[in-house]
Amino acid sequence: MEKTKPILELKEIKKVYPGVTALNGVSIDFYPGEAHAICGENGAGKSTFIKCITGAIKPTEGRIVFKGEEVTDNSPLKSMDLGISAIYQEFNLIPFLSVAENIFYGNYPTRKGLVDFDKMEKESERILEYLGVDISVKTLVKDLSIGYQQIVEIAKSLVKDVKVLIMDEPSAPLTNNELKYLFEIVKKLKSDGVSIIYISHRLEEVFMLCEKISVLRDGNYVKSMDVADTTEEELIRTMVDRDLGEQYPEVPYKKSDKVLEVKNLTNKYVKDVSFSAYKGEILGFAGLVGAGRTEVMRAIFGADPIKTGEIILENQKIVNRTPKDGIQNGIGLLTEDRKTQGAILGMTIRENITYANLEGFSKGKFFVDQKKEMNDVTEYQKTLNIKTPSVEQKVKNLSGGNQQKVVLAKWLATNCKVLIFDEPTRGIDVGAKQEIYAIMKELVDAGKVVIMISSEMPELMCMSHRIIVMHEGRISGEILKSEATQEKILEMASH
Ligand SMILES: Nc1ncnc2c1ncn2[C@@H]1O[C@H](COP(=O)(O)OP(=O)(O)OP(=O)(O)O)[C@@H](O)[C@H]1O
Ligand SMILES: [Mg+2]
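Residues numbered from 1 in each chain as written. Chains lettered and ligands numbered in written order. Predicted model: local features only at pLDDT ≥ 70, side-chain atom pairs only at ≥ 80, totals over all residues. Heavy atoms only, no water.

- In the nomenclature of an unreviewed UniProt entry, the chain corresponds to Sugar ABC transporter ATP-binding protein from the organism Aequitasia blattaphilus.

A look at the pairing of strand β15 (residues 282–286)
Reasoning step 1: With five of five residues buried, β15 lies mostly within the body of the structure.
Reasoning step 2: Residue alternation in β15 divides its side chains into two sets, Ile282, Gly284 and Ala286 and Leu283 and Phe285, and both sets are buried.
Reasoning step 3: The pairing of β15 with strand β23 (residues 466–471) spans four bridges and is parallel. Its bridge partner being in β23, Ala286 is matched across the sheet by Val469. (Buried < 20%, exposed > 50% of the residue type's maximum accessible area, 1.4 Å probe, protein only. Helix = DSSP H or I, 4+ residues; strand = E, 2+ residues; numbered from the N terminus. Pairing = 2+ DSSP bridges.)

Considerations on the sheet that holds strand β18 (residues 331–334)
Reasoning step 1: Taken together, six strands build an open sheet; the order of strands is β18-β21-β22-β15-β23-β24 and the sheet is mixed. In this open sheet, the two strands that pair with only one neighbour each are β18 and β24 (474–480). Neighbouring strand axes in the sheet, compared pairwise and without regard to direction, differ in orientation by 20° on average.
Reasoning step 2: Here β18 pairs with strand β21 (residues 418–422) via four bridges, running parallel. Opposite Gly332, over in β21, you have Leu419 as the bridge partner.
Reasoning step 3: Contacts from helix α14 (residues 400–412) reach β18 and β21, with the element oriented near 180° to β18. (Axes fitted to C-alpha atoms, helices over the stretch in contact; angles between N-to-C directions. Contact = heavy atoms within 4.5 Å.)

Remarks on unusual backbone geometry
The phi torsion of most residues other than glycine is negative, and most of the peptide bonds are trans.
Reasoning step 1: At Asp218, a residue that is not glycine, the phi angle is positive and equals roughly 50°.
Reasoning step 2: When you line up the elements, Asp218 lands in the loop between β11 (212–217) and β12 (220–226).
Reasoning step 3: The phi torsion at Asn264 lies on the positive side, around 50°, for a residue other than glycine.
Reasoning step 4: Within the secondary structure layout, Asn264 lies in strand β13 (residues 258–266).

Focus on a nonpolar patch on the surface
Reasoning step 1: A contiguous nonpolar patch, built from Tyr105, Tyr108, Val115 and Phe117 and spanning about 360 Å² of accessible area, is present on the exposed surface.
Reasoning step 2: Looking at where Tyr105 falls in the secondary structure, it is placed in the loop between α3 (99–103) and β7 (110–111). (Patch = residues over 30% accessible without salt bridge, like charges linked within 9 Å, V, L, I, M, F, W, Y side chains within 5 Å. Areas by Shrake-Rupley, 256 points an atom, 1.4 Å probe, with all protein chains shown as cover. Salt bridge = Lys/Arg side-chain N within 4 Å of Asp/Glu carboxyl O.)

Focus: the domain arrangement of the chain
Reasoning step 1: Segmenting the chain into domains produces domain 1 (8–240) and domain 2 (258–493).
Reasoning step 2: Of note, the centres of domain 1 and domain 2, computed from C-alpha atoms alone, are 31 Å apart.
Reasoning step 3: Of the residues lining the interface, 19 residues belong to domain 1; the matching set on domain 2 comes to 17 residues.
Reasoning step 4: Buried area between domain 1 and domain 2, summed over both chains or domains, comes out near 1,500 Å², and the portion from carbon and sulfur atoms is 54%.
Reasoning step 5: If you look at where domain 1 meets domain 2, you find two salt bridges. (Domains from an automatic or database assignment. Buried area = accessible area lost by both parts, 1.4 Å probe.)

Looking at the pattern of salt bridges
Reasoning step 1: Summed over the entire model, instances satisfying the criterion amount to 26 salt bridges.
Reasoning step 2: For Glu205, the salt bridge goes to Arg202, with nearest N and O atoms at 3.5 Å.
Reasoning step 3: Its relative accessible area of 2% is what places Glu205 among the buried residues.
Reasoning step 4: Note on Arg202: relative accessible area 15%, which makes it buried.
Reasoning step 5: Taken together, the shared-partner salt bridges connect Arg202, Glu205, Lys433 and Glu456 into one network.

Section: the packing of aromatic side chains
Reasoning step 1: Under the criterion given, the structure shown has four aromatic pairs.
Reasoning step 2: Measuring from ring centre to ring centre gives 6.4 Å for Phe30 and Phe49, while their planes differ by 50°; the resulting arrangement is tilted. Residue Phe30 is located in strand β2 (residues 20–30), and its partner Phe49 is located in helix α1 (residues 46–54); the two are separated by 19 residues in the primary sequence.
Reasoning step 3: With a relative accessible area of 0%, Phe30 lands in the buried category.
Reasoning step 4: An angle of 70° between the planes, with centres 5.2 Å apart, marks the rings of Phe275 and Phe285 as edge-to-face. (Phe/Tyr/Trp six-rings, centres within 6.5 Å; stacked < 30°, edge-to-face > 60°.)

Looking at the side chain of Lys212
Reasoning step 1: Tracing the backbone shows Lys212 in strand β11.
Reasoning step 2: With a relative accessible area of 19%, Lys212 lands in the buried category.
Reasoning step 3: One polar contact links Lys212 to Glu34, side chain to side chain, over a distance of 2.8 Å.
Reasoning step 4: Sequence-distant contacts of Lys212, that is, excluding residues within four places in its chain, are made with Tyr31, Glu34, Ala35, His36, Ala37, Met225, Asp226 and Val227. (Polar contact = N/O pair within 3.5 Å; in protein donor to acceptor, adjacent residues only side chain to side chain.)

Okay, here's the thing in structure tokens:
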């Protein structure tokens, strides 16, 4: 069989930022009808590589060849014209516009100078039908589940004749069912000759979806492999270049004093939620996307108002009207959405870490103890392995996973008795996940309570001592680690 020609070739791509070589001469070829994963630890250069392809940034050196011809003056518009589309973890949809308007946003068809709504809706229907989904094109995007929003994102990229579809961590917020759907769509696109470039820290997905994997490490190209000829272990070894050992630490637990008690908590999103958490316990929260887990935690923390119910911490009733109250009362919340809630992107790493805990770093009333601050911040940077030339770097210049670690460090610096982690390892690489689990163990060893919301079953079952399951705003079950199976949890999560 004649070997097909690559549709897209990246040649010796280099990108240098002050103090960081994000990409150091990376060459990879992509073929039509093939899904090709780019793997590597946080900060390896994956997103930078993608941005060079889409023209969002200019490489310092290197060439891009599309269908055998060199692309000159690449830009987001130019790459889109060529048929290169990218979807990201953070959606670019407009919530108050309809599905059809979102699909054609920026490309509205016109007739006699006016937007041709008829044509737009018909075309949108055609695209959704191709993708095999049954939603009305008149629905407002804000009323769709995250899974469907993801599909609208894909539909958007099909308005133009797409040749290369890039997905940078597309599956992060999806449930298992939604994932299956996404896989079907990717398969269909592949069979129509589209070349897929896929980035995800969930390695099972890479193995299910892709034919090829290329590995980046510290901005360097390491190697490309055929999925059929490799294993997850080998991939991890290639990515991290060291032996990781056991993924989950042993965290022993003996029932001890009650620290937190939540009684009949009710608000706009959740109904009659009651549970307790004990000293030294890791308490897991399971449920499908939208089950109300985040909403319970936001209410406890003081980020959302409570209608009725009580929160009791160490035998005292507390009232958290704002997150500031929550922190003062000893409750910390690591949010799932670090872009909008967790990190302050325009501030430095140091400022972000000390921000929730200025008191802990003050000398007297008005002065920040700069020496202690610097020591502690550097210590966190080391333990969490935050990849940066300096703690004075702005958080917005860090890779996605490293931003998440900064948010984590911020909460570790506080003196909270209860730490709530909402999807703590989303977008985090295998090595760093292990570091985060080790930190959870340290926290509970020190007598704190850790509450963890997670959609990753293995993590939930291996790390939690007890798991509470939610469904539609209520608690639908509870299960001990020793009795937990994936089937039992899913069963409780679905009614
Ligand atoms: N605008 C910028 N200014 C300075 N440094 C940057 C900038 N953008 C990226 N970097 C650095 O380039 C390196 C590669 O980052 P990149 O975002 O490509 O990593 P990644 O592989 O996508 O990681 P993740 O898995 O965490 O998303 C990192 O060290 C990052 O801090
Ligand atoms: Mg990235």
